[in-house]
Amino acid sequence: MRGRDLINRCLPDELLLEILRRVDSKATRDVFALVCKRWLRLDRLSRTTLRLDAYASPDIFVRLLSYRFVNVKVIYIDERLSLYLPVSMRNRRGRDGNSLTPLEVQFPAGNETDNRSFCLSDGGMAALADGFSKLEKLSLIWCSRVTSSGIMSVAQKCSFLKSLDLQGCYLEDQGLATVGKCCKKLEDLNLRFCEKLTDAGLVELAIGCGKSLKSLSVAACARITDTSLEIVGAFCKSLETLSLDSENIHNKGILAIARGCPLLKVLQLQCINVTEEAMIAVGFSCLSLEILALYNLQKLRNTALFSIGKRCKKLTNLTLSNCNFLTDKGLEAIATGCTQLTHLEVTGCHNIGTIGLESVAKSCPHLTELSLSYCQRIGDFALHEVGRLCKYLQALHLVDCSIIGDAAICSIAKGCRDLKKLHIRRCHQVGNEGIMAVGEHCHSLTDFSVQFCDRLRDEALIAIGQGCPLQHLNISGCNLITHAGIVAVVKACPQLTYLDVSVIQNLGDMTLSALGESCPLLKDIVLSHCHQITDNGLSYLVKSCKMLETCHMVYCPGITSAGVTTVVTGCPNIKKVLVEKGKVSARTRRRAGEVLSFLCVGA
């Protein structure tokens, strides 16, 4: 007590606030606020960020928060997140013994629940606008009841707004036009899945706040066409980031962007009707381009990459997905011209093979992340060159690369000693030899995933455990791995926080017992399709893994409603349990409905 009094007497508010600003942990800040009324008041003054999910009576909740936290500048509201209210809050009582319900919290009860009570409405947006006038960043993810009226309330009263994320909101042209008229400092705007928007709204926005706009994202807006992009190109001269996903955008719109936005640094396109004509213009005009991602550009040819490689010398990150006319020559042009490349992702480009990746290895020594998916023409020699020449590689992703085998993985392991992440899926030529080499040489590896690699055995997993300080392990579908291999790796890696052993038939309750004893930090586990696991195994696991947050256990015939109850009641931090609906008792559903996710396969 005397120490507390001494602090309050000697330290002014300004110094306590400065101390609080240096505290990153939310839990620690919450404890700070409970010390005394003065510290609670200072904590409320210092809070600048609020994060909310789907919450009962959100309109009232937002209004209450606006009274308590007057200096908030950043608000995230994500209604994709499930309702989660701790038991301690649900059971709080007042001095008179009655429940404390200042927010009129309502919980779902059967099928008659009005889901609208969990969605922010225009009324809540009006309260937000009135209470948080200093707002600079607002994110409204899938707030389906928010319409143009609510957005207009915020735009008119929050003139300092710099970032606005309206993904999935029911926004129409009038609301977007008001944003353009009132938010002259707006720099970042996300309009993904705002399906009611047309060119008229985007045109008004660009004219209104185009001078300040630096980032724009548009997807699934069927009535956004080249017409509005031409205005964006004319008025948004400071645009640095553009993400477009639409079948209604053609070369005309991209040409306008390329010619009008020379400062463009990030360009992400999923526009099937865009051809090399537009991308040649991008290469010619956007010399500051650093990140380029091209998805499903079925008409794109090598000349586009020739232009990018020749002039965009600052390019560091390239994604090519399902661009079927691109070949090794196009990738070679990028490699020889953009030698600062650090991230490369190639997915489903069936005409890119070993020669193209070999060029990248020879010309881009700073490569740190490489992802290859459905690349049937890339073989071992390409990865041998990557291992020999790209010493800084830290992450490698391989999916369905049918001719990549142990020789390639051995070369990577021996040459890329700083590898931290290795993900391999359905590469059936990869077996024990390559993975054992990883365990021997890659002592910084923390994230290891080998899914449906049917040649992998216990020896490989034991080598990984002995050589790598794993935190994330996924061995889903590797059916030759047994109890012995899993026990060896979990005993060697006590810092493991994520484990996926789904679709492995050779493990049972004793495996979970060893896991519980060895990995107390485990937060996420996937047990789906493990037929030998029973309720007893879950009891062993829960006994020691008190930090568990998610548990997936569908299609596990040995698990019953008793096992589900064990997980829900035995893990104080549990947030999500995925299970068949028929395996959850009515009592468990009442007590923990907010953490249950159902796979409906019958009772």
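Up top is the structure.
Throughout this description, residue numbers start from 1 for each chain and increase along the sequence as written. Thresholds applied to this predicted model are a pLDDT of at least 70 for local features of residues and 80 or more for the giving and counting of side-chain atom pairs; totals over whole chains, interfaces and linings are not thresholded and use all residues. Side-chain figures throughout are based on the complete set of non-hydrogen atoms in the structure, without hydrogens or water.

Bringing the overall build of the protein into the picture now. From N to C terminus, the protein includes 25 helices and 21 strands. For 603 residues, the compact-globule estimate of 2.2 N^0.38 gives 25 Å, and the protein sits close to it at 27 Å. If you line up the protein on its principal axes, its C-alpha atoms span 75 × 65 × 60 Å. The rule is simple: take the accessible area with a 1.4 Å probe, protein chains only, and divide by the maximum for that residue type; under 20% is buried, over 50% is exposed, in between is partly exposed. For the protein, buried positions account for 52% of its 603 residues. The contacts in the protein between residues at least 6 apart in sequence include a share of 76% that link residues at least 24 apart. The method behind every accessible area is Shrake-Rupley, applied with a 1.4 Å probe, and residues are considered shielded solely by the protein chains displayed. Accessible surface computed for the protein: about 26700 Å², of which carbon and sulfur atoms make up 52%. Averaging the locations of the 70 positively and 58 negatively charged side chains of the protein gives two centres separated by 6 Å. Each helix is a run of H or I in the DSSP string that is no shorter than four residues. Each strand is a run of E no shorter than two, and both are numbered from the N terminus. C-alpha atoms define the radius of gyration, and 2.2 Å times the number of residues to the power 0.38 defines the globule rule. The contact criterion used throughout is that any non-hydrogen atoms of two residues lie within 4.5 Å. Only four residue types enter the tally: Lys and Arg on the positive side, Asp and Glu on the negative side; His and the chain ends are excluded. By convention, the point assigned to a charge is CZ for Arg, NZ for Lys, CD for Glu and CG for Asp.

Structurally, arginine 301 can be placed in the loop between strand 9 (291-295) and helix 14 (302-311). Separated by 21 residues in the primary sequence, arginine 301 and isoleucine 280 have C-alpha atoms spaced 10 Å apart. With sequence-adjacent residues up to four places away left out, arginine 301 is seen in contact with Glu276, Phe325 and Leu326.

Attention now goes to the side chain of serine 359. With respect to the element layout, serine 359 can be found in helix 16 (residues 354-363). Residue serine 359 is classed as buried on the basis of its relative accessible area of 11%. Apart from residues no more than four positions distant in its own chain, serine 359 is found in contact with Glu332 and Ala335.

With that settled, consider helix 16. Because each turn of an α-helix spans 3.6 residues, side chains separated by three or four positions in sequence point in the same direction. Regarding helix 16, the residues found buried are Gly356, Leu357, Glu358, Ser359, Val360 and Ala361. Close packing links the buried residues of helix 16 with helix 15 (328-337), strand 11 (343-347), strand 12 (369-373) and helix 17 (380-389).

Salt bridge, as used here: a side-chain nitrogen of Lys or Arg that lies within 4 Å of a carboxyl oxygen of Asp or Glu. Overall, the coordinates contain 13 salt bridges when judged by the stated rule. For aspartate 13, the salt bridge identified is with arginine 38, shortest N-O distance 2.7 Å. Taken as a pair, aspartate 13 in helix 2 (residues 13-21) and arginine 38 in helix 4 (residues 37-46) lie far apart in primary sequence, 25 residues in all. Owing to a relative accessible area of 24%, aspartate 13 belongs among the partly exposed residues under this scheme. Using a relative accessible area of 18% as the deciding quantity, one classes arginine 38 as buried. Measuring nitrogen to oxygen at the nearest pair gives 3.1 Å for the salt bridge that ties aspartate 43 to arginine 47.

One can describe the packing of helix 21 (residues 483-492) onto helix 22 (residues 509-518) by two numbers: an axis separation of 9 Å at closest approach and a directional angle of 5 degrees. In terms of orientation, helix 21 and helix 22 fall into the roughly parallel class. Note on element contacts: helix 22 touches helix 21 through Met510, Thr511, Ala514, Leu515 and Ser518, opposite His483, Ile486, Val487, Val490 and Lys491. Classification convention: Asp, Glu, Lys, Arg as charged; Ala, Val, Leu, Ile, Met, Phe, Trp, Tyr, Cys, Pro as nonpolar; all other residues, Gly among them, as polar. Its residues placed into classes, the contact of helix 21 with helix 22 shows six nonpolar, three polar and one charged. Angles here are taken between N-to-C directions and fall from 0 to 180 degrees, while the axes themselves are lines fitted to C-alpha atoms, restricted in helices to the stretch in contact. An angle counts as roughly parallel when it lies under 35 degrees, as roughly antiparallel when it exceeds 145, as roughly perpendicular when it falls between 65 and 115, and as oblique in every other case.

The next subject is the environment of leucine 470. Tracing the chain through its elements places leucine 470 in the loop between helix 20 (458-467) and strand 16 (472-474). Relative accessible area serves as the criterion here: at 0%, leucine 470 is assigned to the buried category. Note: C-alpha distance between leucine 470 and glycine 570 (100 residues apart in sequence) is 26 Å. Those residues in contact with leucine 470 that sit more than four places away from it in its chain are Leu445, Thr446, Asp447, Phe448, Ile464, Val489, Cys493, Gln495 and Leu496.

The subject of this paragraph is the packing of aromatic side chains. Ring geometry is summarised as follows: Phe, Tyr and Trp rings, the Trp one being its six-membered ring, pair when their centres sit within 6.5 Å, and such pairs are stacked at plane angles under 30 degrees, edge-to-face over 60 and tilted between the two. One pass over the full model with this rule turns up two aromatic pairs. Seen in terms of ring centroids, phenylalanine 32 and tryptophan 39 are 4.5 Å apart; in terms of plane orientation they differ by 20 degrees. Their pairing is stacked. When its relative accessible area of 12% is taken as the criterion, phenylalanine 32 is described as buried. By relative accessible area, which is 12% here, tryptophan 39 ends up buried. Over the ring of tyrosine 76 we find arginine 51, and its NZ or CZ is 4.2 Å from the ring centre. Remark: a charge is flagged as sitting over a ring if the NZ atom of Lys or the CZ atom of Arg is within 6 Å of the ring centre and within 35 degrees of the ring normal. Here the guanidinium or amino end of arginine 301 rests over the ring plane of phenylalanine 325, the centre of that ring lying 4.2 Å away.

What follows concerns a positive patch on the surface. Like charges within 9 Å and nonpolar side chains (Val, Leu, Ile, Met, Phe, Trp, Tyr) within 5 Å are joined into patches, using only residues over 30% in relative accessible area that form no salt bridge. Taken together, Lys73, Lys134, Lys162, Lys185, Lys214, Lys265 and Lys314 make up a surface patch of like positive charges. With respect to the helices and strands, the residue lysine 214 is situated in the loop between helix 10 (199-209) and strand 6 (215-219).

On to the packing of helix 3 (residues 26-33) against helix 4. The contact between helix 3 and helix 4 brings their axes to 7 Å, and the two run at 140 degrees. Taken together, the axes of helix 3 and helix 4 are oblique relative to one another. Here helix 3 contributes Arg29, Phe32 and Ala33 to the contact with helix 4, which in turn contributes Trp39, Leu40, Asp43 and Ser46. Residues that form the contact of helix 3 with helix 4 fall into these classes: four nonpolar, one polar and two charged.

We now examine the nonpolar core. Most often, soluble globular proteins keep nonpolar side chains buried together rather than apart. In this structure, Leu140, Leu191 and Met553 are the most contacted members of the largest nonpolar core, which totals 174 residues. By residue number, the principal contributor to this core is helix 18 (residues 406-415), which donates five residues. With residues near it in sequence (within four places) discarded, leucine 191 still touches Leu166, Leu171, Leu176, Leu197, Leu202, Leu216, Ser217, Val218, Ala219 and Cys221. The definition of a nonpolar core used throughout is a set of buried Ala, Val, Leu, Ile, Met, Phe, Trp, Tyr and Cys residues joined through side-chain atoms within 4.5 Å. With seven residues, the next largest nonpolar core counts Phe32, Cys36, Trp39 and Leu42 among its residues.

Attention now goes to the side chain of lysine 583. Structurally, lysine 583 is set in the loop between strand 20 (576-580) and helix 25 (586-592). With a relative accessible area of 16%, lysine 583 lands in the buried category. A polar contact of 2.6 Å, which involves the side chain of lysine 583, links it to the backbone oxygen of cysteine 556. Once residues within four sequence positions are removed from consideration, lysine 583 is found in contact with Cys556, Pro557, Ile559, Thr560, Ser561 and Val564. Polar contacts, as used here, are pairs of N or O atoms within 3.5 Å; protein pairs need one atom able to donate a hydrogen and one able to accept it. Residues neighboring in sequence count only if both atoms are side-chain atoms.

Across a regular strand the side chains alternate sides, sitting on one face of the sheet and then on the other. By the criterion of burial, strand 13 (residues 395-399) is predominantly enclosed, with five of the five residues buried. Burial along strand 13 is two-sided: the residues Ala395, His397 and Val399 and Leu396 and Leu398 are all buried. Two strands pair if DSSP finds at least two bridges between them. In this sheet, strand 13 lies alongside strand 12 in parallel orientation, the contact comprising five bridges. Looking at the pairing, leucine 370 lines up with leucine 396 of strand 13. By convention, a crossover is right-handed whenever its connection, traced from the first strand over the helix to the second and viewed with the strands pointing away, goes clockwise. Taken together, strand 12, helix 17 and strand 13 form a β-α-β motif whose crossover is right-handed. Two strands pair when backbone bridges link them, and strand 13 and strand 14 (residues 421-425) are joined in this way by five bridges, in the parallel orientation. Pairing of leucine 396 across the sheet is with leucine 422, part of strand 14.

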